[in-house]
Amino acid sequence: EAGVAQSPRYKIIEKRQSVAFWCNPISGHATLYWYQQILGQGPKLLIQFQNNGVVDDSQLPKDRFSAERLKGVDSTLKIQPAKLEDSAVYLCASSRNSGTDNEQFFGPGTRLTVL
Amino acid sequence: QQQVKQSPQSLIVQKGGISIINCAYENTAFDYFPWYQQFPGKGPALLIAIRPDVSEKKEGRFTISFNKSAKQFSLHIMDSQPGDSATYFCAASMGNNFNKFYFGSGTKLNVKP
């Protein structure tokens, strides 16, 4: 079974620029998560999709961050404009979320550096 | 409000020793408690998980101890090896909330040869 794919793996941008990250979850996984992981901290949920609908975006800075999951498969996360404090690793994860199957699988992450 | 609190922040153990990482949670509705292992430059990977209907789960050298009344759970790594050096995260989720996960702040484990 192929894992969660993310691209790019690394991105360096200037503040006030925009950036987009892409995620392809494991086939058949209904739930997709985007997390922000600042160095030395645990993953912080930004947004959670169930199929192509948003079930939680309470911690997404909506003035600059946006995400979509068209057709309930791939997802993109965008930051516009970026700030210095957005420097972090952005992790995508997916889970089947069916019955007692809660296991969440993570992608390798995209390391964003904002200068 | 931090839903899951993890300690210690860092841990140094000699090869062959026992590594113990602790987590405490607030919400009694949580029904799934996984531990993740993360190596530098990689995403977290599920190590072992437990549900609140059992008090202990063992997989190889890794054991979760779960205390429902105290709302605490811990990861024990027996016979720790240098290859176990990584950051460990506990988490908690409730299946009836679309499987939203709450993560601890992480413990950086260094196993010295």
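Each remark here, short or long, concerns the structure printed above.
Undergrad: Please clarify how the state of the cysteines should be interpreted in this entry.
TA: A covalent bond between the sulfur atoms of two cysteines is what we call a disulfide. Residues and elements named next belong to chain A. This model, assessed by the stated rule, comprises two disulfides over all chains. A sulfur-sulfur separation of 1.9 Å characterises the disulfide bridge that pairs Cys23 with Cys92. Across the S-S bond of Cys23 and Cys92 the torsion is about -70°, and the bridge reads as left-handed. A residue pair is termed long-range when its members are at least 10 positions apart, and Cys23 in strand 3 (residues 19-24) and Cys92 in strand 9 (residues 88-95) qualify at 69 residues.

Undergrad: I keep staring at the sheet that holds strand 1 (residues 5-7) of chain A and nothing clicks. Help me out?
TA: Across a sheet, strands are paired by hydrogen bonds formed along the backbone, either parallel or antiparallel in direction. Residues and elements named next belong to chain A. In spatial order, the strands read 1-3-8-7; together these four strands make up an open sheet with antiparallel pairing. Edge positions in the sheet fall to strand 1 and strand 7 (65-68), since each has one partner strand and no second. Sheet twist, expressed as the average angle between the axes of neighbouring strands with direction ignored, equals 15°. Examined bridge by bridge, strand 3 and strand 8 (residues 75-79) share five bridges and lie antiparallel to one another. Residue pairing for strand 8: Cys23 is matched across the bridge by Ser75.

Undergrad: What is the right way to read unusual backbone geometry from this model?
TA: The phi angle of most residues is negative, glycine excepted, and most peptide bonds adopt the trans form. With an omega dihedral of -10°, the bond running from Ser7 of chain A to Pro8 of chain A counts as a cis peptide bond. Structurally, the position occupied by Pro8 of chain A is in the loop between strand 1 and strand 2 (10-13). Of note, the amide linkage connecting Ser7 of chain B to Pro8 of chain B takes the cis form, showing an omega dihedral of -5°. Assignment of secondary structure puts Pro8 of chain B in the loop between strand 1 (4-7) and strand 2 (10-14). In this structure, Arg16 of chain A is a non-glycine residue whose phi angle is positive, near 80°. Turning to its location among the elements, Arg16 of chain A is positioned in the loop between strand 2 and strand 3. Even without being glycine, Asn51 of chain A reaches a positive phi, approximately 55°. As for its position among the elements, Asn51 of chain A is in the loop between strand 5 (44-50) and strand 6 (53-56). When its relative accessible area of 40% is taken as the criterion, Asn51 of chain A is described as partly exposed.

Thresholds applied
- Residues numbered from 1 in each chain as written.
- Chains lettered and ligands numbered in written order.
- Predicted model: local features only at pLDDT ≥ 70, side-chain atom pairs only at ≥ 80, totals over all residues.
- Heavy atoms only, no water.
- Disulfide = S-S within 2.5 Å.
- Helix = DSSP H or I, 4+ residues; strand = E, 2+ residues; numbered from the N terminus.
- Pairing = 2+ DSSP bridges.
- Axes fitted to C-alpha atoms, helices over the stretch in contact; angles between N-to-C directions.
- Buried < 20%, exposed > 50% of the residue type's maximum accessible area, 1.4 Å probe, protein only.

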